[in-house]
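What follows is each chain in one-letter form.
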Amino acid sequence: MLLFTVPLVMVIDLAVWAIVVRLTKTASIGSLVLVVITIPLLLWQGISGWAVLWLGLTIGLIVWRHKGNIQRMVKGSEEKVPA
C-alpha cells in the first residue's frame, strides 16, 4: 500500500525492516518496528487526514495479526530467520 501512496516511506520502512531483521534474526520484530516508525514518517512527508487514518488502521491490523508472534517473543520462543 505504501508503495503507491508514499514511496519514500516504503523505501525507508523496507530498509529499516531489513536492518532490524538482519540484526535480530526475527522478522516479527522488524514488522513491529515498522509499526512504530511508519506514522511519524508519514507525518514527516506531509500526509494527513484520511490517509493517515487508513494507514493507521492497517498498522493496527498488523499488530493484531502479530499478537501470537508477540506472545512468543515475550516467552523467548519466536522462530529466527535462517542466516
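Note that the structure is a prediction, hence the values are computed from the model and not measured. (Residues numbered from 1 in each chain as written. Predicted model: local features only at pLDDT ≥ 70, side-chain atom pairs only at ≥ 80, totals over all residues. Heavy atoms only, no water.)

**Some thoughts on the overall build of the protein**
Reasoning step 1: The helix and strand inventory of the protein stands at 5 helices and 0 strands.
Reasoning step 2: Each helix and strand of the protein, placed in order from N terminus to C terminus, yields the pattern α-α-α-α-α.
Reasoning step 3: When the backbone C-alpha atoms are referred to their principal axes, the protein occupies close to 40 × 25 × 15 Å.
Reasoning step 4: Considering the protein as a whole, with its 83 residues, one finds that 27% of them fall into the buried category.
Reasoning step 5: Considering only residue pairs separated by 6 or more positions, the protein has 63% of its internal contacts joining residues 24 or more positions apart.
Reasoning step 6: When the accessible area of the protein is evaluated, it comes to approximately 5700 Å², of which 72% is carbon and sulfur surface. (Helix = DSSP H or I, 4+ residues; strand = E, 2+ residues; numbered from the N terminus. Buried < 20%, exposed > 50% of the residue type's maximum accessible area, 1.4 Å probe, protein only. Contact = heavy atoms within 4.5 Å. Areas by Shrake-Rupley, 256 points an atom, 1.4 Å probe, with all protein chains shown as cover.)

**Examining the nonpolar core**
Reasoning step 1: Counting 6 residues, the largest nonpolar core is built from Leu2, Val6, Val9, Leu41, Leu42 and Leu55.
Reasoning step 2: In contact with leucine 42, other than residues within four places in its own chain, are Leu2, Val6, Val9, Ile47 and Leu55. (Core = buried A, V, L, I, M, F, W, Y, C linked by side-chain atoms within 4.5 Å.)

**Remarks on unusual backbone geometry**
Reasoning step 1: One non-glycine residue, lysine 25, lies in positive phi territory at about 60°.
Reasoning step 2: With respect to the helices and strands, the residue lysine 25 is situated in the loop between helix 2 (7-24) and helix 3 (27-44).
Reasoning step 3: With a relative accessible area of 33%, lysine 25 lands in the partly exposed category.

**Brief notes about the environment of glycine 60**
Reasoning step 1: Within the secondary structure layout, glycine 60 lies in helix 4 (residues 50-65).
Reasoning step 2: The spacing of glycine 60 and valine 35 is 25 residues in sequence and 8.2 Å in space, taken between C-alpha atoms.

**Structural notes on the confidence of the model for the protein**
Reasoning step 1: When the pLDDT values of the protein are averaged, the result is 88; 99% of them are 70 or greater.
Reasoning step 2: Summarising per-element confidence for the protein, the mean pLDDT is lowest in helix 1 (residues 2-5) (82) and highest in helix 2 (94). (pLDDT = per-residue confidence, 0-100.)

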